[in-house]
Structure formats: structure tokens, C-alpha cells
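Report on the structure
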Amino acid sequence: MLSERRLEVLRAIVQDYVGTEEPVGSKALTERHALGVSPATVRNDMAVLEEEGFIAQPHTSAGRIPTDKGYRLFVDRLAGVKPLSSPERRAIQNFLDSAVDLDDVVARTVRLLAQLTRQVAVVQYPSLTRSTVRHVELLSLAAARLMLVLITDTGRVEQRMVDCPAPFGEASLADLRARLNARVVGRRFADVPQLVQDLPESFEPEDRGTVSTVLATLLETLVEETEERLMIGGTANLTRFGHDFPLTIRPVLEALEEQVVLLKLLGEAKESGMTVRIGHENNAHEGLNSTSVVSVGYGSGGEAVAKLGVVGPTRMDYPGTMGAVRAVARYVGQILAES
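Residues numbered from 1 in each chain as written. Predicted model: local features only at pLDDT ≥ 70, side-chain atom pairs only at ≥ 80, totals over all residues. Heavy atoms only, no water.

Per an unreviewed UniProt entry, the protein chain goes by the name Heat-inducible transcription repressor HrcA and belongs to Streptomyces sp. NBC_00003. The heading Sequence similarities (unreviewed entry) in the UniProt record of the protein chain holds the text "Belongs to the HrcA family." In its Function (unreviewed entry) section, the UniProt record describing the protein chain reads: "Negative regulator of class I heat shock genes (grpE-dnaK-dnaJ and groELS operons). Prevents heat-shock induction of these operons." (UniProt positions renumbered as here; feature names shortened; annotations may be inferred.)

So, in C-alpha cells, the structure goes:
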């Protein structure tokens with residue numbers, strides 16, 4: 001176990017390296033931080049930290065930089081989450097409150113996260129597998145043509161055309177709408193097939209074909225929409241960190257183009273707490289070995305329905321990034337709950 005003083009030296013090295021982009025030497029550390037010991041003692045502490053793999057010498061310069069292991073210890077034991085200022089919080093709320101629908105909420109969240117953290121922002125759309133039905137609307141477009149509109153508790157809206165096997169009157173349509181909503185409103189998507197399977201039998205024989213067709217379209221919509229969707233923004237921010245990536249940012253950009261990789265990076269939505277993956281912990285794609293990913297779940301009513309986060313170099317302001325990601329997730333959750 002490292003002594004408290006050596007932990008303080010590590011904290012100072014991380015903070016200075018993140019702030020200055022320069023390898024950190026013992027003399028600079030004693031000048032900038034009140035460590036209460038001589039440069040010789042700090043040099044000795046740095047030698048121990050290096051031996052244990054928490055810092056490394058990037059080239060023959062006198063300074064040291066944190067390793068993935070050093071950043072990991074910093075995040076786990078030394079870094080608090082830096083809260084946002086009141087003006088920042090107000091700005092987030094005002095910006096997100098102006099969103100007109102779910103797509104707009106997601107788009108604004110991506111822009112906001114990228115601006116606040118100056119990293120690449122990734123936001124997963126609320127997953128329908130964890131959503132519940134708020135309402136099913138059925139509209140008559142022609143004698144044998146309907147529109148089915150599915151609205152979820154997270155504000156997502158899906159529309160499908162339904163071609164009926166026979167004309168379907170307004171009274172029958174109103175009856176189907178009422179009975180369908182009575183069974184599915186407030187229920188999870190996964191439960192819907194079971195809840196509606198015997199619905200056609202409760203209708204007149206001549207209407208059962210159309211009722212079955214409408215239900216088939218509804219169930220298809222539920223299945224299709226369980227596919228995960230993502231929005232990404234702020235990729236240009238990576239160009240500011242060119243020197244933080246060993247060779248080139250190209251492998252990072254290639255990894256960010258793969259949706260499966262990004263979903264793996266963000267992790268399961270049910271792991272709703274703050275997750276920080278550093279450097280080689282990002283083994284979903286080798287292009288991401290020089291990046292860190294900070295992610296958290298968001299949702300309404302205390303349950304996470306999706307994840308959001310940022311991707312950037314391992315030389316990251318972890319307390320500030322964690323604070324921004326957490327605050328944005330909280331506001332997005334409030335908006336979903338109110339919508």
C-alpha cells in the first residue's frame with residue numbers, strides 16, 4: 001500500500017500533467033504544491049511510484065507522467081467529482097428545457113457534453129426494451145388503411161402504416177384503441193405480446209383479421225425498436241489532443257465509427273452508476289487503448305433507460321469530466337420524467 005504522502009505526490013503529478021501537458025519533475029512539484037518535504041524526498045517517492053507502475057518516464061526528459069494504473073488509482077481513491085457552478089447548471093437546464101422532442105433532447109445532450117468537457121460525447125437513445133407504453137393511437141387514413149402510433153414513457157414516438165384485410169369502421173377502431181390501451185398502457189414492452197395475444201377473440205369474427213394485423217404491426221415495432229441507437233458529437237475535439245495518442249488519432253476515429261464498439265464501451269444501461277474506463281481497460285477495440293471513457297446511466301423515475309458519456313485521451317480532467325457527465329445525465333432524466 002502507498003503511504004498518504006506518496007498518494008499526495010501521485011495526485012500532484014496527475015493534476016500537473018493534465019494541466020500543463022508536460023512531464024512533471026520533482027522540483028516543479030515542490031514549488032507548485034505544499035507537500036511539506038524536500039525535492040530529494042519527492043524524488044525518492046517518485047522512484048517508488050515508478051517502480052510500482054503508477055508513473056513512467058516518457059523519454060529521457062527528467063519528468064514523469066501517469067500510467068493507466070496511476071490514473072486508475074487517482075480516479076478510485078484521490079479524485080472527487082467536481083460539481084458544476086450555478087451558472088453552468090442553469091445554462092444546462094435552459095438549453096435542455098428548450099428541446100422539442102426526444103431526438104432534440106439527444107442532439108442537445110450530445111452538443112452540451114462535447115462543449116462542457118471538450119471531449120467526444122456519446123449518447124444512447126432510451127432503449128425500448130426498458131421502456132413502457134404510454135399510449136397507442138390508431139388513426140383511420142382510408143377504409144382499409146390505418147396509422148399506428150406508439151408513444152413510450154421516455155417520449156419516443158414510432159409510426160407505422162397498417163393495411164387492413166377488410167374495411168374497418170370508426171366505431172370498431174375506437175373500440176380497439178380503448179381495449180388495446182387498457183391492456184398495454186404502463187406495461188413494459190417485453191410483457192406486451194402476452195397481454196394482447198387473446199385480444200382478437202374478443203372481437204366480432206369479421207373484425208378479427210384486422211385486429212390481428214394491427215397487433216402484428218405493433219409487435220413488429222416493439223421488436224425493431226429494441227435495436228440500440230446512438231448519437232455522437234464533438235469528434236473534432238480529438239484533433240486538439242493529437243500528441244496524446246501514441247501514433248495518430250486515426251485508430252480512435254475508426255473505433256468511434258463502430259456502433260457496436262461504442263455500445264460496449266458505454267456498458268449495460270442497468271449498470272447505472274458512474275463508470276470510468278482507462279486506457280487498456282477499453283479492450284472493446286484496440287484503437288481505444290489510449291483513451292478513457294466516462295459514462296453514466298440516465299432515466300426517469302430512478303431507473304436508467306440508457307447511457308451517456310464521453311471519450312477522450314487518458315490525460316483527462318477526471319473530476320471535471322465526471323461532474324459534467326453526472327450533471328447532464330441528471331437533467332436529461334428530469335426532462336424525460338416531465339415529458
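The packing of two helices is summarised by the inter-axis angle and the distance between the axes. At their nearest, the axes of helix α4 (residues 68-78) and helix α12 (residues 318-338) sit 11 Å apart, and the two run at 55° to each other. Between α4 and α12, the angle falls in the class oblique. Along this stretch, α4 crosses α12, giving a crossing that reads as right-handed. The residues of α12 that touch α4, namely those facing Tyr71, Phe74 and Val75, are Tyr318, Pro319 and Met322. For the contact of α4 with α12, the class distribution of residues is 6 nonpolar, no polar and no charged. (Axes fitted to C-alpha atoms, helices over the stretch in contact; angles between N-to-C directions. Helix = DSSP H or I, 4+ residues; strand = E, 2+ residues; numbered from the N terminus. Parallel < 35°, antiparallel > 145°, perpendicular 65-115°, else oblique. Left-handed = near helix turned anticlockwise from the far one by under 90°. Contact = heavy atoms within 4.5 Å. Nonpolar A, V, L, I, M, F, W, Y, C, P; charged D, E, K, R; others polar.)

We now examine the packing of helix α1 (residues 4-20) against helix α3 (residues 39-51). Packing of α1 against α3 leaves a shortest axis separation of 10 Å and a crossing angle of 85°. In terms of orientation, α1 lies roughly perpendicular with respect to α3. Contacts between α1 and α3 involve Arg5, Arg6, Val9, Leu10 and Ile13 on the former and, on the latter, Thr41, Val42, Asn44, Asp45, Met46, Val48 and Leu49.

All right, on to the sheet that holds strand β5 (residues 145-152) then. Strand order in the open sheet made by the 3 strands is β4-β5-β6, with antiparallel pairing throughout. The strands lining the two open edges of the sheet, one partner per strand, are β4 (133-142) and β6 (157-163). Between one strand axis and the next, the sheet turns by 20° as a mean value, whatever way the strands run. Here 7 bridges tie β5 to β6, and the two strands are oriented antiparallel to one another. Residue Leu150 lies in a different strand from β6, and its bridge partner there is Glu158. Docked against the sheet, helix α7 (residues 170-184) engages β4 and β5, running at close to 165° with respect to β4. (Pairing = 2+ DSSP bridges.)

Now for the pattern of salt bridges. Summed over all chains, the structure comprises 18 salt bridges. In this structure, the salt-bridge partner of Arg64 is Glu50, at a minimum N-O distance of 2.7 Å. Of this pair, Arg64 sits in the loop between β1 (55-56) and β2 (65-66) while Glu50 sits in helix α3, and the two are 14 residues apart along the sequence. For Arg64, a relative accessible area of 16% gives the class buried. Residue classification places Glu50 among the partly exposed residues on the basis of a relative accessible area of 28%. (Salt bridge = Lys/Arg side-chain N within 4 Å of Asp/Glu carboxyl O. Buried < 20%, exposed > 50% of the residue type's maximum accessible area, 1.4 Å probe, protein only.)

With that settled, consider the side chain of Ser292. Inspection of the secondary structure puts Ser292 in strand β9 (residues 291-298). Within the local environment of Ser292, its side chain forms a polar contact with the side chain of Tyr318, the two groups lying 2.7 Å apart. (Polar contact = N/O pair within 3.5 Å; in protein donor to acceptor, adjacent residues only side chain to side chain.)

Now for the sheet that holds strand β3 (residues 120-124). Here we have 5 strands laid out as an open sheet, ordered β7-β3-β10-β9-β8, and antiparallel in their pairing. Edge positions in the sheet fall to β7 (230-233) and β8 (275-278), since each has one partner strand and no second. Averaged over all adjacent pairs, the angle separating strand axes in this sheet is 15°, with direction ignored. For β3 and strand β10 (residues 306-313), the ladder comprises 4 bridges, and the chain directions are antiparallel. In the strand pairing of β10, Val120 is matched with Val311. Helix-sheet contacts for α12 involve β8, β9 and β10, and the interaxial angle to β9 is about 25°.

As a further point, take the environment of Leu148. Tracing the chain through its elements places Leu148 in strand β5. A C-alpha to C-alpha distance of 9.8 Å links Leu148 and Leu215, two positions 67 residues apart in sequence. In this structure, Leu148 is in contact with Val136, Glu137, Leu138, Glu158, Gln159, Arg160, Val162, Val214 and Leu218, ignoring residues within four places of it in sequence.

Moving on: α7. Taking 1.5 Å as the rise per residue, α7 with 15 residues should run 21 Å; its terminal C-alpha atoms sit 21 Å apart, in good agreement. Three or more residues of α7 are buried, namely Ser172, Leu173, Leu176, Leu180, Asn181 and Val184. For α7, the angular spread of buried residues about the axis comes to 155°, placing them on one side. Seen from the open side of α7, the exposed residues pointing more than 90 degrees away from its buried face are Ala171, Ala178 and Ala182. The first or second residue beyond α7 is Gly186, which carries a positive phi of 80°. (Expected span 1.5 Å × (residues − 1). Arc of directions from axis to C-beta.)

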